[in-house]
Amino acid sequence: MADTALVLGGGGTLGGAWEIGVLAGLAEAGADPTGTDTVIGTSAGAVLGARLTAGAHPVQLLAGELAGTPAVAVRVTAAQTARFLWAALAARDPERSVRRLGRAALAARTVPESEVLAAITTLLDGVHDWPDRDLRLASVEAATGRLAVFDASSGVPLPQAVAASCAVPVLWPPVSVAGRRWMDGGTRSTTNVHLARGHRRVLALSPVPRAVGPHPHAEAQGAELAAEGAEVLVLTPDADARRAIGRNLLDASRRAAVAEAGRRQGAARAGAVAALLNR
C-alpha cells in the first residue's frame, strides 16, 4: 500500500483559486501537503497538480492569483447551461447520466480542439512534460462514459492529458487522445477521491463536493476509503469561501477574494492536515 496522496478536485477558475489558497495557507502554517507520494487531479485540479509536481510552490501560485495574472476567459451562454443540465439531470442512474453528457459533448458545436489545447498551455505556464513524481489525471471517455486515468506511462503528452481532464461537456469539445475523445474527469465525480484507493493517508481538496446529476460526492468517496482502512481528510469550501465564490465558478474577477478565503481556511485547518500527513 502506498503512503500519501493529495487529491485535487475540479471547480473551474474559482475552484482552482480556492485550492491554491488552501495549499498556500497550509504551507505558510508549516503543513505543506504538496510533497505526497501521489498527486491526483481532475479538471482544474489537473492543471494545479501538473504545476505543483513540476515544482511550483503554493505561495508562488497564490501570488499570481492575488496579482491577477492573465486567466483563460471562458464564456458560458444560457443555451449551453441548459443543454448541460438537461443531459446531466434527465437520468437518475449515474451511468445513463454520464453517457448522456458524453453524447451532448460530442454533438455540441463549440470551439476547435486547438483552442482548448492553447488555453491549457497558457494555464500550465511553461509546464510541458510529465514529472518524475506520480501524477494521475482523471478523464472520461465521451462515447462510453468510462473513467480513465492518464499518467506518465500512458504515452500521452501532458498538455493533452490535462486538456482531456478539463474538457467540460458542451462548453469545450471532447479532446482527442489515442483515437478516442475524452471529456472532463469531473463528469462522473468532481473530485474522484476514490482514485486514491491503496494509499494509507489521503488529503482531498474538493471545491465542488457534488457533481451535477446523480453522481457520488467527495465526502461519500472519502468515507468509503476510510471504511477500507485509510485515513482520509476531505476539505470543502467553508462558509467564507462559499460566499467569495458565489454562483459562477468562471468569474475571474473573484479570483483574489476566493484565493484569500482559501488561504484563511488552509491556515485554520493546518493542524488537522499536519496530524494526518505527519503520522
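Structural data are supplied above this passage.
The model shown is predicted, which means the values in this text are computed figures rather than measured ones.

A. Seen up close, the overall build of the protein. Looking only at helices and strands, the protein features eleven helices and eight strands. The C-alpha radius of gyration computed for the protein amounts to 17 Å, which stays within 12% of the reference 19 Å derived for 279 residues, consistent with globular compactness. Considering only C-alpha atoms, the protein reaches an extent of 50 × 40 × 35 Å along its principal axes. Within the protein, the fraction of its 279 residues that count as buried is 51%. A sequence separation of at least 24 residues applies to 78% of the contacts in the protein between residues at least 6 apart. Accessible surface, the protein: about 11700 Å² in total, of which carbon and sulfur atoms supply 53%. Put simply, the protein has 28 plus and 25 minus side-chain charges, and the middle of one group is 8 Å from the middle of the other.

B. Summary view of helix H8 (residues 218-227). Taken together, the buried positions of H8 are occupied by Ala218, Gln221, Gly222 and Leu225. Take H8 and look down its axis: the buried residues cluster within an arc of 100 degrees, on one side only. Next to the buried residues of H8 lie strand S7 (199-205) and strand S8 (231-235). A positive phi of about 110 degrees marks Gly229, the residue just after H8.

C. Summary view of the pairing of S7. Burial within S7 is extensive, with six of its seven residues counted as buried. Direction of pairing for strand S1 (residues 2-8) relative to S7: parallel, over a ladder of six bridges. Along S7, the bridge assignment pairs Ala5 with Val202. Across five bridges, S7 lies against S8 in parallel orientation. If you follow Leu205 over to S8, its bridge partner there is Leu235. After leaving S7, the chain enters H8 and then returns to the sheet as S8, a path that is right-handed.

D. Here's a closer look at the packing of aromatic side chains. Evaluated as defined, the whole model comprises one aromatic pair. On the numbers, 5.3 Å between centres and 75 degrees between planes, the contact of Phe150 with Trp182 is edge-to-face. Residue Phe150 is located in strand S4 (residues 147-150), and its partner Trp182 is located in strand S6 (residues 180-184); the two are separated by 32 residues in the primary sequence. Pair check on accessibility: Phe150 and Trp182 agree, each one buried.

E. Inspection of the environment of Ala90 at higher detail. Position of Ala90 among the secondary structure elements: in the loop between helix H4 (78-89) and helix H5 (94-107). Residue class for Ala90 comes out partly exposed when judged on its relative accessible area of 48%. C-alpha of Ala90 to C-alpha of Pro214: the two residues are 124 residues apart in sequence and 9.7 Å apart in space.

F. Structural view of the packing of helix H1 (residues 12-28) against helix H3 (residues 58-67). Where H1 contacts H3, the two axes come as close as 8 Å, and the packing angle between them is 135 degrees. What the angle tells us is that H1 and H3 run oblique. The two elements H1 and H3 cross, and the hand of that crossing is left-handed. Mapping the contact onto sequence places Ala17, Ile20, Gly21, Leu23, Ala24, Ala27 and Glu28 in H1 and Pro58, Val59, Leu61, Leu62 and Glu65 in H3. For the contact of H1 with H3, the per-class residue count stands at nine nonpolar, one polar and two charged.

G. Region of the structure containing the pairing of S1. Here S1 lies mainly inside the structure; five of its seven residues are buried. When S1 meets strand S2 (residues 38-42), the two strands line up parallel, connected through four bridges. The residue bridging Leu8 from the neighbouring strand is Gly41, located in S2. Crossover connection from S1 via H1 to parallel S2: handedness right-handed.

Calculation criteria
- Residues numbered from 1 in each chain as written.
- Predicted model: local features only at pLDDT ≥ 70, side-chain atom pairs only at ≥ 80, totals over all residues.
- Heavy atoms only, no water.
- Helix = DSSP H or I, 4+ residues; strand = E, 2+ residues; numbered from the N terminus.
- Rg over C-alpha atoms; globule rule 2.2 N^0.38 Å.
- Buried < 20%, exposed > 50% of the residue type's maximum accessible area, 1.4 Å probe, protein only.
- Contact = heavy atoms within 4.5 Å.
- Areas by Shrake-Rupley, 256 points an atom, 1.4 Å probe, with all protein chains shown as cover.
- Lys, Arg positive; Asp, Glu negative; His and termini not counted.
- Charge placed at Lys NZ, Arg CZ, Asp CG, Glu CD.
- Arc of directions from axis to C-beta.
- Pairing = 2+ DSSP bridges.
- Right-handed = clockwise from strand over helix to strand, strands pointing away.
- Phe/Tyr/Trp six-rings, centres within 6.5 Å; stacked < 30°, edge-to-face > 60°.
- Axes fitted to C-alpha atoms, helices over the stretch in contact; angles between N-to-C directions.
- Parallel < 35°, antiparallel > 145°, perpendicular 65-115°, else oblique.
- Left-handed = near helix turned anticlockwise from the far one by under 90°.
- Nonpolar A, V, L, I, M, F, W, Y, C, P; charged D, E, K, R; others polar.

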